[in-house]
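# Understanding the architecture of this molecule
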Amino acid sequence: MIIFKKAAPLSLHLQARKKQSLKVGFVPTMGALHAGHLSLIHAGKADNDLVVCSIFVNPTQFNNHEDFKKYPNTIAPDIEKLYEAGCCVLFLPNEKEIYPAGYQPKHYDLGEIETIWEGHYRPGHFQGVCQVVEKLLDVVAPDNLYMGKKDYQQCMVVQKLVTLMGKENEIALHFVDTKREADGLAMSSRNMRLSAEQKKAAATISKTLAYLKLNYGRLPLNELKEKATVQLEENGFIIDYVGIADSKTLKALQEHKQQDTIALIAASIGGVRLIDNMILN
Ligand code: AMP
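Computed from a predicted structure; not experimentally measured.

### A look at the sheet that holds strand β3 (residues 50–55)
Strand order in this open sheet of 6 strands is β1-β4-β3-β2-β5-β6, and the pairing throughout is parallel. Every interior strand has two partners, whereas the edge strands, β1 (2–4) and β6 (172–176), have only one. Within this sheet the neighbouring strands show an average axis-to-axis angle of 25 degrees, counted without direction. Sheet topology places β1 next to strand β4 (residues 89–91); 3 bridges connect them, and they run parallel. If you follow Ile3 over to β4, its bridge partner there is Leu90. Lying on the sheet, helix α7 (residues 125–140) is in contact with β2 (24–29), β3, β4 and β5 (144–148); it crosses β2 at an angle near 150 degrees.

Given below as structure tokens:
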């Protein structure tokens, strides 16, 4: 595995590979890697000649500075995991490499997807995501981009970004299923900040999503959301949202519909904010 800290030599390296008609898959991450991230690397390996991973904890997507400061940094084991997973190239830039002096953030016209759910609770978050992802896509210019459905709304935002960049015919997006612990807890770098007890309680999120899936169509939406809220609160969560939405637009549902629905949860335990979602039908 080759590690690049600078964008320019990485771009040159990849351009040379593309001249040999090699397909490039790309997995952007913020590090503290777990089996969920590695499942994206494996998906990339299956479809491409080489897989590039980036690790960069992007300050502009954190609306909460404490959350940024506490974001786990485990670079040595991350490098080992990527090597073992067969990742070919790691891009490990510092902040100046992504946002050089004089960098002027532009505004991305993302529409309503920017202001609902995560966007509502994390103002500016998706603008920050677009800033870093646009830069990374310019540097790597992948054929295939791999992202996790755990961050479902982020997948939709990046889809929109790729269209805004006019690259929808150049970069194919692949959204990979959420990797979970045995008890259902969605793997997340933030889980490292949970105590053993909190981690056990955190499985309530996926259990609540499973409850919503099981009972969707049987109970009125409000009652479903109320029961879900109680389950989470009883297990120590402070809730940002429990939502049931159209999975294509993420607009909140006012009434049941037969297809394309998703349940979304964001809630904190012990000061650690977790998100998860589940397709209902
Ligand atoms: P992050 O490092 O949290 O920014 O995540 C990097 C990528 O890994 C994103 O596309 C995430 O959606 C994806 N990812 C994070 N957790 C999981 C998981 N449990 N299963 C699958 N993909 C994940």
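Picking up where we left off.
### Regarding empty space enclosed by the protein
Inspection of the entire model under this criterion finds 1 cavity of 30 Å³ or more. For the largest cavity, the calculated volume is near 60 Å³. Taken together, Lys150, Leu185, Ala186, Ser188, Asn191, Ala202, Ile205, Ser206, Leu274, Ile275 and Asp276 make up the full set of residues lining the largest cavity. Residue assignment for the lining of the largest cavity shows that the elements contributing at least two residues are α10 (204–215) and β9 (272–279). It is β9 that contributes the most residues to the lining of the largest cavity, 3 residues altogether. Residue composition of the lining of the largest cavity, grouped by class: 6 nonpolar, 3 polar and 2 charged.

### Examining the sheet that holds strand β7 (residues 238–246)
In space, the 3 strands of this open sheet follow the order β7-β8-β9, with antiparallel pairing throughout. Each edge of the sheet is formed by a strand with only one pairing partner; in this case those strands are β7 and β9. Strand-to-strand twist of the sheet, defined as the mean angle between neighbouring strand axes without regard to direction, takes the value 10 degrees. Sheet topology note: the β7/strand β8 (residues 261–269) ladder contains 8 bridges and is antiparallel. Pairing of Ile239 across the sheet is with Ala267, part of β8. In the packing of α10 onto the sheet, the strands contacted are β7, β8 and β9, and the crossing angle to β9 comes to about 25 degrees. Against the sheet, helix α11 (residues 221–234) makes contact with β7 and β8, and its axis sits at roughly 150 degrees relative to β7, the strand it touches most.

About the criteria used
Going along each chain's sequence as written, the residues are numbered from 1 onward. Predicted model: local features are reported for residues with pLDDT of at least 70 only, side-chain atom pairs are reported and counted for 80 or more only, and whole-chain, interface and lining totals are derived from all residues. Water and hydrogen atoms were dropped before computing side-chain values, which therefore reflect all heavy atoms in the structure. DSSP-based pairing: two strands are paired if at least 2 bridges between them are found. Secondary structure elements follow DSSP: runs of H or I no shorter than four residues count as helices, runs of E no shorter than two count as strands, and numbering proceeds from the N terminus. Only the stretch in contact is used when a helix axis is fitted, and all axes are lines through C-alpha atoms; the angle between N-to-C directions ranges over 0 to 180 degrees. Contacts are assigned to residue pairs that have any heavy atoms within 4.5 Å of one another. Of the two site types, the cavity is a set of points on a 1 Å grid over the protein atoms alone where a 1.4 Å probe fits but cannot get out, and the pocket is an open set with protein on both sides within 12 Å along at least five of seven lines, each lined by residues with an atom within 4 Å of a point. Grid points are joined across faces, edges and corners, and a volume is the space filled by probe spheres set on the points. For this classification, Asp, Glu, Lys and Arg are treated as charged, while Ala, Val, Leu, Ile, Met, Phe, Trp, Tyr, Cys and Pro are nonpolar and the rest, including Gly, are polar.

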